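Read off the chains here:
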Number of protein chains: 2
Amino acid sequence: MLSYTEENYLKSIYHLSEGGTKAVLTNEIAASLNTKAATVTDMIKKLSSKELIEYEKYYGVNITKKGKQLALSIVRKHRLWETFLVQKLNFQWDQVHEVAEQLEHIHSSLLIEKLDEFLGHPTADPHGHPIPDKNGRIKQEKQVVLKDALINKTLYVCAVRNGSPSFLQYLSKIGVQIGAKVLVTERIEFDGSLEVSIKDNNPQLISREAAENILVKE
Amino acid sequence: MLSYTEENYLKSIYHLSEGGTKAVLTNEIAASLNTKAATVTDMIKKLSSKELIEYEKYYGVNITKKGKQLALSIVRKHRLWETFLVQKLNFQWDQVHEVAEQLEHIHSSLLIEKLDEFLGHPTADPHGHPIPDKNGRIKQEKQVVLKDALINKTLYVCAVRNGSPSFLQYLSKIGVQIGAKVLVTERIEFDGSLEVSIKDNNPQLISREAAENILVKE
DNA sequence: ATAAAAGTTTAGATTAGTCTAAAAAATAAT
DNA sequence: ATTATTTTTTAGACTAATCTAAACTTTTAT
Ligand SMILES: [Mn+2]
Ligand SMILES: [Mn+2]
Ligand SMILES: [Mn+2]
Ligand SMILES: [Mn+2]
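Residues numbered from 1 in each chain as written. Chains lettered and ligands numbered in written order. Predicted model: local features only at pLDDT ≥ 70, side-chain atom pairs only at ≥ 80, totals over all residues. Heavy atoms only, no water.

1. Section: the interface of chain B and chain A
What counts here: Residue contacts are counted whenever heavy atoms from the two residues lie within 4.5 Å of one another. By definition, the buried area sums, over both parts, the 1.4 Å-probe accessible area that each loses when the two are put together. Salt bridge, as applied in this entry: a Lys or Arg side-chain nitrogen positioned within 4 Å of an Asp or Glu carboxyl oxygen. Helix and strand definitions follow DSSP, with helices as H or I runs of at least four residues and strands as E runs of at least two, each counted in order from the N terminus.
Every contact between the two is made by 20 residues of chain B and, on the other side, 20 residues of chain A. Between chain B and chain A the total buried area reaches about 1,600 Å² when both faces are included, carbon and sulfur atoms providing 76% of it. Broken down residue by residue, the surface that chain B buries against chain A is led by Leu89, Gln102 and Lys114 of chain B, which jointly contribute 29%. At the boundary of chain B with chain A, the tally comes to zero salt bridges. At the level of elements, helix H4 (65-87), helix H5 (96-103) and helix H6 (109-118) of chain B are the ones that each hand at least two residues to the side of chain B that touches chain A. If one sorts the elements of the side of chain B that touches chain A by residue count, H6 of chain B sits on top with five residues.

Set out below in structure tokens:
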């Protein structure tokens, strides 16, 4: 069984390697976990000896199949708990991440399967992120970054890329939530900001920065 | 903020001091936490320096007001989680303790208040143990050990004293659950075993040992 | 009252996780 | 192709929690 700390390292390595194909670097892990490179070097040796990652000195790490399965089970727990907090306990979507960081480390397969059942086998968490199933499979739907969306095409918000409370609170304030209808009415060349109509309301400006962190689908 | 380990020691000391008035001894703590006396000595020094207990060398410890409040908040979390697992996730009463041992250490007052609300402010957990309220207050009802119950008096099971899975499974098998109607039809002098009618069924024998671990009320 | 037994504390060691500072390797710049 | 910079690893130290073995106190038995 992995310790709380080992689980956090493994999950972080999994997220850093998502999408990309290159090895994950020591400093990247250190930055993502707010720790020091020397500490990371020790830990990746340990995870490597457990065959959860492959480590080549000075070149970084790659997650193994076994490591990925384990990481996915932690991600599954994290996202199921976030869903529980929002759907059953009426948390706001900006309040759940920190608590889920703790809850994801509870060890009980019975608990997680019963929780999944209780929630009706959800496929996405409150931020639109996919929830891996019991076998670690993820249902990925095609989505596009709002920044790159076509002008005057009706779209629906399906996920956020940045889960920071301040960003989520801002989104709530302007009416952006998962499922919300959005329409880009104009793209400002100068700074990349967008004029967007949210839920058929009067168009308002959002920054390029914000538009890069909102995912939409048709 | 207390560590996972400090919380377990404090809770254990609280439970060992419940009822009794004498100081809690090093070996009692060691036994209850499956650790060694030397380890306990170190930890009680730490808890003492945090003013959660009062420690007199060679004579044991007493929990302080501050320590008791903290212990009660952990007990509250433990019992609310057990209630959640049984009432919402359909766990059996013999499956919840181990998981609650982990869940009780999640730090989030928002979480626990919302959970309490979600469960409808329950006053007892699945084993009939009282759930302290937000302020640490416990609603104690008068109850008697089944072993000492009057003959042929209708009573209702209100709690168990021993939460081991094997005992709880045995109780489930013979129909004893919280709220079940029971009637002691005869007390066997020889070994203290009781003949008991459970839910108006034919009387059956239960051991003195079992009868000492079942609490009933009128 | 003294000796034996039981219980508790101290001393010294170990493991997990962390850090800083120095050494080594890889990458970038002249 | 050397040199300078950046990144990574190693070395050594620290804290929390744990253990065993030895020393010390208290309690019990003679
Ligand atoms: Mn999250
Ligand atoms: Mn975590
Ligand atoms: Mn319990
Ligand atoms: Mn616990």
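2. Let's talk about the domain arrangement of chain A
Definition in use: Throughout the structure description, domain borders are defined by an automatic or database domain assignment.
When the domains of chain A are assigned, the result is domain 1 (4-63) and domain 2 (144-217). A separation of 33 Å is found between the C-alpha centroids of domain 1 of chain A and domain 2 of chain A.

3. Quick notes on the environment of Glu117 of chain A
Residue and element names in this part refer to chain A. Selection criterion: Exposed residues in this analysis have more than 50% of their type's maximum accessible area, buried residues have under 20%, and partly exposed residues fall in between, with area computed by a 1.4 Å probe over protein chains only.
Inspection of the secondary structure puts Glu117 in helix H6 (residues 109-118). With relative accessibility at 55%, the residue Glu117 sits in the exposed group. Linking Glu117 and Leu205, residues 88 residues apart in sequence, is a C-alpha distance of 41 Å.

4. Notes on the coordination of the manganese ion (ligand 2)
Residues and elements named next belong to chain A. Quick note on the threshold: Atoms of type N, O and S within 2.8 Å of a metal are treated as its donors, and for Na, K and Ca the window is 3.2 Å; water is not considered, so some sites may appear to be missing partners.
Around the manganese ion (ligand 2), the protein supplies Asn8 (OD1), Glu101 (O), Glu101 (OE), Glu104 (OE) and His105 (NE2) as donor atoms, at distances of 2.0 to 2.8 Å. Spacing between the donor residues of the manganese ion (ligand 2) along the chain follows N-x92-E-x2-E-H. A relative accessible area of 7% means that His105 is categorised as buried.

5. Description of the protein's contact with DNA strand C
To be explicit about the condition: Being near a molecule or strand, for a residue, means having at least one of its heavy atoms within 4 Å of it. Here a polar contact means two N or O atoms within 3.5 Å. Within protein one must be a hydrogen donor candidate and the other an acceptor candidate, and residues neighboring in sequence count only if both atoms are side-chain atoms. Residues are grouped as follows: nonpolar covers Ala, Val, Leu, Ile, Met, Phe, Trp, Tyr, Cys and Pro; charged covers Asp, Glu, Lys and Arg; every other residue, Gly included, is treated as polar.
In the vicinity of DNA strand C, 22 residues are found, and the nearest of them are Ser3, Thr39 and Lys46 of chain A together with Lys45 and Tyr55 of chain B. For DNA strand C, the fraction of protein-proximal atoms (within 4 Å) that sit in sugar or phosphate groups is 82%. Contact distances for DNA strand C include 3.3 Å between a phosphate oxygen and a backbone N or O atom of Lys36 of chain A. Tyr58 of chain A places a side-chain nitrogen or oxygen 3.4 Å from a sugar or linking oxygen of DNA strand C. Within the residue set of the surface near DNA strand C, elements represented by two or more residues are helix H1 (4-17) and helix H3 (37-49) of chain A together with helix H2 (26-32) and helix H3 (37-49) of chain B. With five residues, the top contributor of residues to the surface near DNA strand C is H3 of chain A. Across the surface near DNA strand C, the residue classes break down as 10 nonpolar, seven polar and five charged.

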